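# An overview of the molecular structure
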Amino acid sequence: MNPLRMTQRLINHSHRLNGDPFDPATPFHPPTKRHSTVHYGLMFPGLPAPLNFLDLVTVIGQPPTALMNNKHLIETTASDTASLLIGAGVQFEGQFRGYQVERDLQLAADSSMLRFGDEFVFEGTYPDFRVRYDGATFQADIQVTASDKVAHFTRLPGGLYDHWSVLCEYDGTVTHDGTTTSLSGLSTLEYARAVALPLPLRFFTYQIINIDAETQVLMVEVRGPQGLPVQQSVYVRSLTDHGGVHERGFSFEIEEIDPTDHTSPNGLTTPLPTRFRWSVKDESGAPLVAIEATANDDYVYGLADGYVGSFSYTGQFRERAIQGTGYAEFIGTQAV
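Okay, so let's go over this structure. (Residues numbered from 1 in each chain as written. Predicted model: local features only at pLDDT ≥ 70, side-chain atom pairs only at ≥ 80, totals over all residues. Heavy atoms only, no water.)

## Section: the overall build of the chain
A count of helical and extended segments in the chain gives two helices and 21 strands. Here the C-alpha atoms of the chain give a radius of gyration of 19 Å, agreeing with the 20 Å that 2.2 N^0.38 yields for 336 residues. With the C-alpha coordinates aligned to their principal axes, the bounding extent of the chain is approximately 55 × 45 × 45 Å. A separation of at least 24 residues holds for 55% of the contacts in the chain among residues at least 6 apart in sequence. When the accessible surface of the chain is split by element, carbon and sulfur atoms take 51% of a total near 14200 Å². The centroid of the 23 positive side-chain charges in the chain is displaced by 8 Å from the centroid of its 39 negative side-chain charges. (Helix = DSSP H or I, 4+ residues; strand = E, 2+ residues; numbered from the N terminus. Rg over C-alpha atoms; globule rule 2.2 N^0.38 Å. Contact = heavy atoms within 4.5 Å. Areas by Shrake-Rupley, 256 points an atom, 1.4 Å probe, with all protein chains shown as cover. Lys, Arg positive; Asp, Glu negative; His and termini not counted. Charge placed at Lys NZ, Arg CZ, Asp CG, Glu CD.)

What follows is the structure in structure tokens.
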């Protein structure tokens, strides 16, 4: 193992957990005095056009990490500020907005019910959940059943920061401008919690593709100061296999950038890719997954201080041809 990978594993202990079944006792709570920021997310890739994707992403309590906060939403205090993003390939009013925790949110201590105003409700206990969003021109009502297949992205020592994703199946409807679409397939349920620790992150991308009706692939790249890689991993899992994390031969290349200026309300500029590619090898050094991607021009602001969107891709997975529509998050820049 190279020195950089050894250093990464000394800091991030998630590799000790990957491949194990999800433990229902895993923390899933709202903010606490110690963990002042939590994140709940539901991501649904590979939807039919024009939806392309759907995500429902919350951040409760603004973190001190510049890349990850929306300081322009703060009316009272950082801990009293929450955000909600309803990302999709269609645009509508109110896709991203801020809330005051004390005034606008109802949070069950065990996370069995999270309510944001009159618009958003996430309720249930593992493994069965229901998420509802009721906007003026966009509504969603989806039942989610979580599996025990989990990808642990981050576990810092002492519980400073934890972040994981559980593979799910879902069934429900989305209505946009009066047209209702029935949806089902594979999704993810995500949770993160963090203490108020400023992390020197400079770039983050997270991407999801559903290979087939049972198999899901996740890609993560995180960079710190001077473009130093903090994490470069691909996770493979299925309804019948806990899978694992792959780092050998990891490559992520941005081939073309949208010339439009994407500068957030907080002054962070994120060059959004229009064409990109990534790949990784398996433990034996054989090609595992490789994709060529073209963005679908549906980026939406509000994933922390960055963007979510979808992409069309072709490629190979375990020597078989694949194609479809993936989901992507981008914050910050790879540039040194």
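Moving on from the model shown.
## Thoughts on the sheet that holds strand β4 (residues 96-100)
Pairing is antiparallel in the open sheet, where 11 strands are placed in the order β4-β3-β2-β1-β11-β10-β9-β8-β7-β6-β5. Among the strands making up the open sheet, the edge pair consists of β4 and β5 (105-107). For this sheet, the mean inter-axis angle between neighbouring strands, taken without regard to orientation, is 15 degrees. Pairing of strand β2 (residues 54-60) with strand β3 (residues 81-88), which is carried by seven bridges, proceeds in the antiparallel orientation. Opposite Val57, over in β3, you have Leu85 as the bridge partner. (Pairing = 2+ DSSP bridges. Axes fitted to C-alpha atoms, helices over the stretch in contact; angles between N-to-C directions.)

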